[in-house]
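Structural features, examined
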Amino acid sequence: MPALGSMNHSPATGVPDAPGSHRLRWIALGAIVVALALIGAVLIYLSPVLALLEPHDPALGRVAGAPAATPPPLDSKQRINILLLGSDNDQKFRGDALLSQTMIVVSIDPSAHQVTMLSLPRDLWVEIPGHPSAKIDLAYALGGAPLARATVEKAFKIPIHYYAWVGLNGLVRVVDRVGGVDIDVLHPVLDDNYPNDFSDSGYGTERVYLAAGPQHLDGRHALQYVRSRHGDLLSDFGRSVRQQQLLLAIQHRVAGMDLVSALPTFARDLNGHVKTDLDLVRLTQLALFMRGIHPGDVHQAYISSYVRDATSADGQQILVAEWPAVHAYLVQLFGGDLLP
Amino acid sequence: MNRRISIGVLSALLAMAGCTSSTPVAHDPGRVVLPVKQVPVPGRIYATKSRALYRFSGTTLTRLRFGSSVKDPAVTPAGDRIAVAQLQDQSSTIVVSDPNGRNRQTLTPPAGAEGTLWAFAPGFDRDGHRIVYLTDRGKPPSSPQNLQPNDLGVWSYDLATGQSRRLVQPFAYTGGDSDPSYRPGVSDQLVYTTYLYGGVPAEPVARLTWMSTRTGATVYLSPDPGRNFEPALSPDGRYVAFIRATPGGDDLYVMPLAPTYNRELRPYPSESAVLIQSGIIAQPVWAPDASAIAFLELVNGSFDLFILPIATDTTIHAAGVAQAVTHGSFLDADSRLAWSP
């Protein structure tokens, strides 16, 4: 390679290159090297995020299926629906047979700048595709995220474009990573038989007390708040309300964070505890969108008015939906964005 | 999506993220309280941070050595004794001491025949002879196979005799009652928060409650549904400050109290209460001379101590703006404040 500053000759013409052309070539080469270095640095920087977003479901160790509806393009203003799944995944459960104790459809409407969170009660009796009817929380245990998604789409006619699953440790880590959450605890939480999720056996219990009123909760106490139901007459519905409260509180904290520096650290912390088929670009796009969301833009929705207690043929305490009323309610929430 | 394209788009998005303005949230500095200079505290305000007890007085901040973790400080009207809930791993007890945390005396047991016990939120009467507090004492035996309610009820403890007695039986599976206080100026009245469920579909409700300890009669001072809680009585017992939850926040209100109540009033007294401060407010407490209310307010992700001057001339109202005593200090908002001369 010639030394910098020496004159070069064009091999095609044998005419010496103009000094300006030579400089441009070196500038172009330098720019390519810098760009490659930048891409490499970004790849290294984001490698934890990329690892987190591998599109497979670890609970089953198999590739997740596609949604019934194709996700809208990035530049679209169409509604995007994400199924949030939460599971007990401590030692007393087999990794491939986790019930989804939490199911929330987060529906993002970019054109209206609105977000709707719809909680699905875990004891709801539904048709699970390819299986006998059962509580909706069994779908994830039987077929992972693909079956949970298919079950929700079949029962509620809501197109689920993406899913995100979080285990107990994942939730604790998310809350701790954002520096804790600020929550108005609706009732005192008293539970003498709260499952001690982090004991060696996973079978122990511990006593839990959370005072009522606004307060700052770390990950462990936030988990206790959303998970305890022994001291709540509203049982699973009460828990759904608290879960949505926590999601809003996390969103509020994330809105004040530096996303550029936080994302890789987040991903490194959460690897193995959070799984999703959201791709990196969509995740970042949604994270940016959520930063601009204010409390008044978020609507909390429940179907508690359209279900009743019942007992299944095999003696389980279940919830049975009045499906026409549920679907009418969903039309109010989602307009024409439902499956046929 | 092709990963290289993803990286390119992502870089652009992250660049945008870097340019996006948002209010940064504070992070807990650990076991440190950060005072705002030049804001002298009249008298002594007690608060906890990370379950350690702090005293603000003038411009001096003192961490009181109180052994293990504590919450819910209370102080006698004379300021000569303090009480706290002392927390162990799975239980808590009520402990009294001198104002510096010395000469401690444990009043309530950490366990009884019914199992391990909680005790929280002590409050002295006007003479400092009795303490009202919360406990799950008297609960039925419970196990994962046979779940029973273990809600907190309101009890009193007589410092002269060492005897405790239940004053209020909580509604089962509500978490129980909270925030009990003896009413200053009289010997037989309590104010506290009752937790229950109301509305259709049912939702959590918190109601301000007045009680005669002489007759056992109770009267709600706020409506159902609604969440009105954390009542704090003025030193003369004529006013009560409290928190009302609204869709946008937890605001501070004040209302006058009648000398006594024989029945529920409509509209409820709370409905004509005066808004004193908006925001996410917690744990109001009156100055010993009723000239101010201290409270914790959520600012940029941190609960900090504020003092708001109050005037009670013709009508009760804020007499100025609230002054921050701390900043970015993450004080325990689930723990009461106490204020003595």
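Here the structure is a predicted model, which is why all the values come from computation and not from measurement. (Residues numbered from 1 in each chain as written. Chains lettered and ligands numbered in written order. Predicted model: local features only at pLDDT ≥ 70, side-chain atom pairs only at ≥ 80, totals over all residues.)

Turning our attention to the overall build of chain A. Helix and strand content of chain A: 8 helices and 16 strands. For chain A, the proportion of its 340 residues judged to be buried stands at 44%. If you take every contact in chain A between residues at least 6 apart in sequence, the share linking residues at least 24 apart comes to 66%. (Helix = DSSP H or I, 4+ residues; strand = E, 2+ residues; numbered from the N terminus. Buried ≥ 20, exposed ≤ 12 C-beta atoms within 10 Å, placed from the backbone. Contact = placed C-beta atoms within 7 Å.)

A separate point is the pairing of strand β3 (residues 80-87) of chain A. All names here are of chain A. Within β3, 8 of the 8 residues are buried, which leaves it mostly tucked inside the rest of the structure. By the alternation rule, side chains of β3 split into I80, I82, L84 and G86 and N81, L83, L85 and S87, which are all buried. Pairing geometry for β3 and strand β4 (residues 100-109), over 8 bridges, is antiparallel. Its bridge partner being in β4, G86 is matched across the sheet by T102. (Pairing = 2+ DSSP bridges.)

All names here are of chain B. Of the consecutive residues D224 and P225, the connecting peptide bond is found in the cis state with omega at 5°. Cis geometry is found at the peptide bond from R266 to P267, where omega equals -5°. With respect to the helices and strands, the residue P267 is situated in the loop between β20 (249-256) and β21 (274-277). Of note in this structure, S50 is not a glycine but carries a positive phi near 50°. Here S50 is to be found in the loop between β1 (41-49) and β2 (52-58).

It is worth spelling out the sheet that holds β1(B) at this point. Residues and elements named next belong to chain B. Taking strand neighbours across the sheet as the criterion, the 4 strands line up as β3-β2-β1-β27 in an open arrangement whose pairing is antiparallel. Two strands bound the open sheet, and with one partner strand each, they are β3 (60-64) and β27 (338-340). Sheet twist, expressed as the mean angle between neighbouring strand axes with direction ignored, is 20°. Of the strand pairs in this sheet, β1 and β2 are connected by 6 bridges, and their pairing is antiparallel. Looking at the pairing, Y46 lines up with R55 of β2. (Axes fitted to C-alpha atoms, helices over the stretch in contact; angles between N-to-C directions.)

Packed helices, taken two at a time, are described by the angle between their axes plus the distance between the axes. All names here are of chain A. Running from N to C, helix α4 (residues 219-227) and helix α5 (residues 235-255) cross one another at 145°; their axes reach a closest spacing of 7 Å. For the pair α4 and α5, contact is made by A222, Y225 and V226 and by R239, R242, Q243 and L246, respectively. Of the residues belonging to the contact of α4 with α5, the class tally is 4 nonpolar, 1 polar and 2 charged. (Nonpolar A, V, L, I, M, F, W, Y, C, P; charged D, E, K, R; others polar.)

Structural remark: α-helix, 3.6 residues per turn; residues separated by three or four positions point the same way. End to end, helix α7 (residues 280-291) of chain A covers 17 Å across 12 residues, agreeing with the expected 16 Å (1.5 Å per residue, within 8%). Along α7(A), the residues that are buried comprise L280(A), V281(A), R282(A), L283(A), T284(A), Q285(A) and A287(A). (Expected span 1.5 Å × (residues − 1).)

Looking now at the environment of G301(B). Along the polypeptide, G301(B) turns up in the loop between β23 (292-299) and β24 (302-311). On the basis of neighbour counts, which here come to 22 C-beta atoms within 10 Å, the residue G301(B) falls in the buried class.

Here we take up the sheet that holds strand β5 (residues 82-87) of chain B. Across a sheet, strands are paired by hydrogen bonds formed along the backbone, either parallel or antiparallel in direction. Residues and elements named next belong to chain B. The strand order across the open sheet formed by 4 strands is β4-β5-β6-β7, and the pairing between neighbours is antiparallel. The sheet is open, and its two borders are formed by β4 (70-75) and β7 (105-106), each paired with just one other strand. When strand β6 (residues 92-97) meets β7, the two strands line up antiparallel, connected through 2 bridges. Its bridge partner lying in β7, V95 is registered against T106.

Our focus in this paragraph is the pairing of β4(A). Residues and elements named next belong to chain A. Where burial is concerned, most of β4 is hidden: 8 out of the 10 residues are buried. Summarising the sheet, β4 and strand β5 (residues 114-119) pair through 6 bridges and their orientation is antiparallel. For I104, the partnering residue across the bridge sits in β5 and is S119. Hairpin connection between β4 and β5: a loop of 4 residues separates the two successive antiparallel strands, and H113 in this loop has a positive phi of roughly 55°.

When pLDDT is averaged along chain B, the result is 90; 92% of the residues meet or exceed 70. We note a pTM of 0.85 for the whole complex and an ipTM of 0.93 for its interfaces. (pLDDT = per-residue confidence, 0-100.)

Bringing helix α8 (residues 323-334) of chain A into the picture now. Its 12 residues place the ends of α8(A) 16 Å apart at the C-alpha level, agreeing with the 16 Å of an ideal helix rising 1.5 Å per residue. Just past α8(A), the residue G335(A) takes up positive phi, approximately 60°.

For the rest of this paragraph, the subject is the environment of R229(A). All names here are of chain A. Note that R229 resides in the loop between α4 and α5. For R229, a count of 19 C-beta atoms within 10 Å gives the class partly exposed. A C-alpha to C-alpha distance of 26 Å links R229 and W323, two positions 94 residues apart in sequence. If we ignore the near neighbours within four places in the chain, the residues touching R229 are S235, D236, G238 and R239.

Residues and elements named next belong to chain A. Following both chains from N to C, one finds helix α3 (residues 168-177) and α4 inclined at 125°, their axes separated by 8 Å at the closest point. In terms of their interaxial angle, α3 and α4 are classed as oblique. Handedness of the α3/α4 crossing: right-handed. Residue-level contacts link L168, L171, V172, R173, V175 and D176 of α3 to G219, R220, A222 and L223 of α4. For the contact of α3 with α4, the class distribution of residues is 6 nonpolar, 1 polar and 3 charged. (Parallel < 35°, antiparallel > 145°, perpendicular 65-115°, else oblique. Left-handed = near helix turned anticlockwise from the far one by under 90°.)

By size, the foremost hydrophobic cluster in this structure holds 169 residues, and its most contacted members are L83(A), Y133(B), I293(B) and A294(B). The dominant element in this core, judged by the number of residues it contributes, is helix α2 (residues 138-156) of chain A, at 10 residues. In this structure, A294(B) is in contact with I45(B), V285(B), L305(B), F306(B), I307(B), L337(B) and W339(B), ignoring residues within four places of it in sequence. (Core = buried A, V, L, I, M, F, W, Y, C linked by C-beta atoms within 7 Å.)

The next subject is the environment of Y268(B). Residue and element names in this part refer to chain B. Along the chain, Y268 falls in the loop between β20 and β21. A sequence separation of 11 residues divides Y268 from G279, and the C-alpha atoms of the two residues are 23 Å apart. Not counting residues within four places of it along the chain, the set of residues in contact with Y268 comprises L221, S222 and P223.

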